[in-house]
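Structure at a glance
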Amino acid sequence: MENTTLKLRGMSCASCARNIEDAIRSVPGVNECHVNFGAEQATIDYDPGKTDLQAIQEAVDAAGYSAYPLQQQNLMNGEDDEKRARSRETRELTRKVVVAGILSTLLVIGSLPAMTGLHLGFIPMWLHNAWVQLVLTAPVQFWCGASFYINAWKALKRHTATMDTLVALGTSTAYLYSLFPTFFPDLFIAQGLRPDVYYEAAAVIIALILLGKLLENRAKSQTSDAIRKLIGLQARTARLIRDGREVDVPIEQVQIDDVVLVRPGEKIPVDGEVIDGTSNVDESMVTGESLPVKKQLGDEVIGATINKTGSFKFRATRVGKDTVLAQIVQLVQQAQGSKAPIQRLADSVTGWFVPAVIAIALLTFIIWFNITGNLTLALITTVGVLIIACPCALGLATPTSVMVGTGKGAENGILIKGAESLELAHKIQTIVLDKTGTITQGKPTVTDFVTASGTANGNELNLLKLAASVERNSEHPLAEAVVRYVSSQEVESVDAREFEAIAGSGV
């Protein structure tokens, strides 16, 4: 069996996630599939002897959505593309929310006299006019709300129903009903009915749901920031030794057994083994240990850690998706896309939720119309059932919280394997840490200083100034800690001459 993660496009609610899961599981050779609506990812276990990624992608396409592999070797570019796509979507949603919000506000103001039965003199008469309200509603209904109709039509072709189906049905019902009293008011008056219109209901519903989608989109963007920060730790280029010459190449072009040169202060581009030279390397990014680790012939180095003092050459042993950093990123991505047990329950509910809501709405219409005989009242209560019943909160809350939890953990150096671990975490009563490196800040800090008897002669500040003046030229973490401490005491250092750093002995 092989495991892969696909990035998904076109989902609008938790019911879409269920539809994609069913489509992928119907492919022969697929053993298991979990779709995370919040992360917009599908994690799939499949038998490569019976199926391949292309067949799975075709199944997703046939279901009305799109999927593409989440390539580890192109993580940097992929995340940038993802961020740009999310930004475009956010900008478009923002424009639609602004337009829908302004027009809906005008419609609500214009409908206040009909709602309250009062004559409100401060409201312009033209806002009461049904034709004006029709003109104001049209852009909201057919431009701002176009995505609801498109997605509802796609769902209908798949013989399924989603949240978009509910929104399209509810707003269309209010809009189409309002057309009759607008075009044929005399028919209503002849039957003793008021020719009331409900354009504001359709517009306000679309505006509010678009606002919810905008907030949801921003939440998804923020939860992926942790992945981008991890990817940002990686070096962009590597300095290779080829035919006796130094050549700078993009990190994606580094191959196993390439000889890489690293100078002081540079990031180590990939994992490897030292073949020449010695240095001290800051590995706190991986281990949490604040002190640098001495590296010499035969020692292993880890990509994205920082070379502090000397230059050395190493042979690349792991590149691309096999490096430690890439595996950490992959672990966080899998954790963000995993499903908690409670989410599986929520997803099973959303699978039949939308059809059940439509059935209840029809039943509501029949009951209210039979009891009251009032078509308007029956339609409005039906619209209320269709719109208020929104499964998105049910399907979005858990995956979003999982993404936030695993992302925040990764930012603080805590890697969480999956959503099940998070769900079990509330039972934790005791935490045992096996070494100090797991709880350090990743860098040493001076807490205080003590002088030998008679050394300072009452002039401790002068001693601090001399120490900082020497250590200011050193790249060692302990030297940096001394300089930071002296600066915090508002003591100025002076220039030191004839400075020399002796590896393993100090300055």
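Rules and cut-offs
Residues numbered from 1 in each chain as written. Predicted model: local features only at pLDDT ≥ 70, side-chain atom pairs only at ≥ 80, totals over all residues. Heavy atoms only, no water. Helix = DSSP H or I, 4+ residues; strand = E, 2+ residues; numbered from the N terminus. Contact = heavy atoms within 4.5 Å. Areas by Shrake-Rupley, 256 points an atom, 1.4 Å probe, with all protein chains shown as cover. Buried < 20%, exposed > 50% of the residue type's maximum accessible area, 1.4 Å probe, protein only. pLDDT = per-residue confidence, 0-100. Axes fitted to C-alpha atoms, helices over the stretch in contact; angles between N-to-C directions. Parallel < 35°, antiparallel > 145°, perpendicular 65-115°, else oblique. Nonpolar A, V, L, I, M, F, W, Y, C, P; charged D, E, K, R; others polar. Salt bridge = Lys/Arg side-chain N within 4 Å of Asp/Glu carboxyl O. Polar contact = N/O pair within 3.5 Å; in protein donor to acceptor, adjacent residues only side chain to side chain. Core = buried A, V, L, I, M, F, W, Y, C linked by side-chain atoms within 4.5 Å. Pairing = 2+ DSSP bridges. Arc of directions from axis to C-beta. 1 Å grid on protein atoms, 1.4 Å probe; cavity = no way out; pocket = protein on both sides within 12 Å on 5 of 7 lines; lining within 4 Å. Points joined across faces, edges and corners; volume = space filled by probe spheres on them.

Considerations on the overall build of the protein
- Scanning the protein from N- to C-terminus turns up 17 helices and 13 strands.
- Expressed as a percentage of contacts within the protein between residues at least 6 apart in sequence, the contacts between residues at least 24 apart total 70%.
- Carbon and sulfur atoms make up 58% of the accessible area of the protein, which amounts to about 26,800 Å² in all.

A closer look at the environment of proline 113
- Residue placement: proline 113 occurs in helix H3 (residues 75–116).
- Given the relative accessible area of 17%, proline 113 is considered buried.
- Separated by ten residues in the primary sequence, proline 113 and isoleucine 123 place their C-alpha atoms 8.6 Å from one another.

Details of the confidence of the model for the protein
- Mean pLDDT for the protein: 82, with 86% of residues reaching 70 or above.
- With pLDDT under 50 throughout, residues 72–78 is counted as low confidence; its partners more than four residues away or in other chains account for twelve contacts.

Focus on the side chain of serine 474
- Among the secondary structure elements, serine 474 is positioned in the loop between helix H16 (460–471) and helix H17 (477–488).
- Residues contacting serine 474, with those up to four places away along its chain left out, are Ala479, Glu480, Phe499 and Val507.

What about the packing of helix H4 (residues 130–144) against helix H5 (residues 146–157)?
- Following both chains from N to C, one finds H4 and H5 inclined at 40°, their axes separated by 4 Å at the closest point. Looking at the two axes, H4 sits oblique to H5. Residues Gln141, Phe142, Trp143 and Cys144 of H4 form the contact with H5, whose participating residues are Ala146, Ser147 and Tyr149.
- Taken together, the residues that form the contact of H4 with H5 break down as five nonpolar, two polar and no charged.

A look at the pattern of salt bridges
- Under the criterion given, the structure shown has 16 salt bridges.
- For glutamate 246, the salt bridge is made with arginine 239, and the minimal N-O distance between the two is 3.9 Å.
- On the basis of relative accessibility, which here comes to 16%, the residue arginine 239 falls in the buried class.
- The residue glutamate 480 makes a salt bridge to lysine 308 at a minimum N-O spacing of 3.6 Å. Taken as a pair, glutamate 480 in helix H17 and lysine 308 in the loop between strand S12 (306–307) and strand S13 (312–318) lie far apart in primary sequence, 172 residues in all.
- Beyond isolated ion pairs, a larger network of salt bridges with shared partners links Arg239, Glu246, Asp248, Arg263 and Glu266.

Considering the environment of aspartate 52
- Topologically, aspartate 52 is positioned in the loop between strand S3 (41–46) and helix H2 (53–62).
- Placed 25 residues apart in sequence, aspartate 52 and valine 27 show a C-alpha to C-alpha distance of 9.7 Å.
- Here the side chain of aspartate 52 touches alanine 55 through a polar contact of 2.9 Å, landing on its backbone nitrogen.

Re the nonpolar core
- Within the largest apolar cluster, 56 residues are counted, with the highest numbers of intra-cluster contacts made by Leu8, Met11, Ile20, Ile24, Val35, Ile44 and Ile56.
- If sequence neighbours within four positions are ignored, isoleucine 56 has contacts with Leu6, Ile24, Val27, Val30, Ile44, Tyr46 and Thr51.

Some remarks on the sheet that holds strand S9 (residues 279–282)
- Strand order in this open sheet of three strands is S10-S9-S12, and the pairing throughout is antiparallel. Taken across any chain shown, the strands that pair with only one partner, and hence form the sheet edges, are strand S10 (293–295) and S12.
- Relative to S12, S9 runs antiparallel, the two being bridged by two bridges. Note that in S12 the partner of valine 281 across the bridge is asparagine 307.

Points about unusual backbone geometry
- Positive phi, close to 80°, is recorded for aspartate 257, a residue that is not glycine.
- With respect to the helices and strands, aspartate 257 occurs in the loop between strand S6 (245–250) and strand S7 (259–262).
- For alanine 304, which is not a glycine, the phi torsion comes out positive at approximately 80°.
- Assignment of secondary structure puts alanine 304 in the loop between strand S11 (300–301) and S12.

What about H2?
- Those residues of H2 not exposed but buried are Ile56, Gln57, Ala59 and Val60. What you see down the axis of H2 is that its buried residues fit within an arc of 155°, all on one side. Facing away from the buried side of H2 by over 90 degrees, the exposed positions are Gln54 and Ala62.
- Among the residues trailing H2, glycine 64 stands out with phi positive, at a value near 100°.

Examining empty space enclosed by the protein
- Using the criterion set out here, one finds three cavities of 30 Å³ or more in the structure.
- In this model, the largest cavity occupies a volume close to 50 Å³.
- Looking at the largest cavity, the residues that line it are Gly10, Ser12, Cys16, Gly64, Tyr65, Asn151, Lys154, Arg158, Thr162 and Asp164.
- Counted by class, the lining of the largest cavity contains two nonpolar, five polar and three charged residues.

Remarks on the layout of surface pockets
- Reported here for the second largest pocket is a volume of approximately 730 Å³.
- Taken together, 28 residues form the lining of the second largest pocket, with Gly10, Met11, Glu89, Ser147 and Asn151 sitting closest to its centre.
- At the level of elements, strand S1 (2–9), H3, H5 and helix H8 (199–223) are the ones that each hand at least two residues to the lining of the second largest pocket.
- Considering only residue class, the lining of the second largest pocket consists of ten nonpolar, seven polar and eleven charged.

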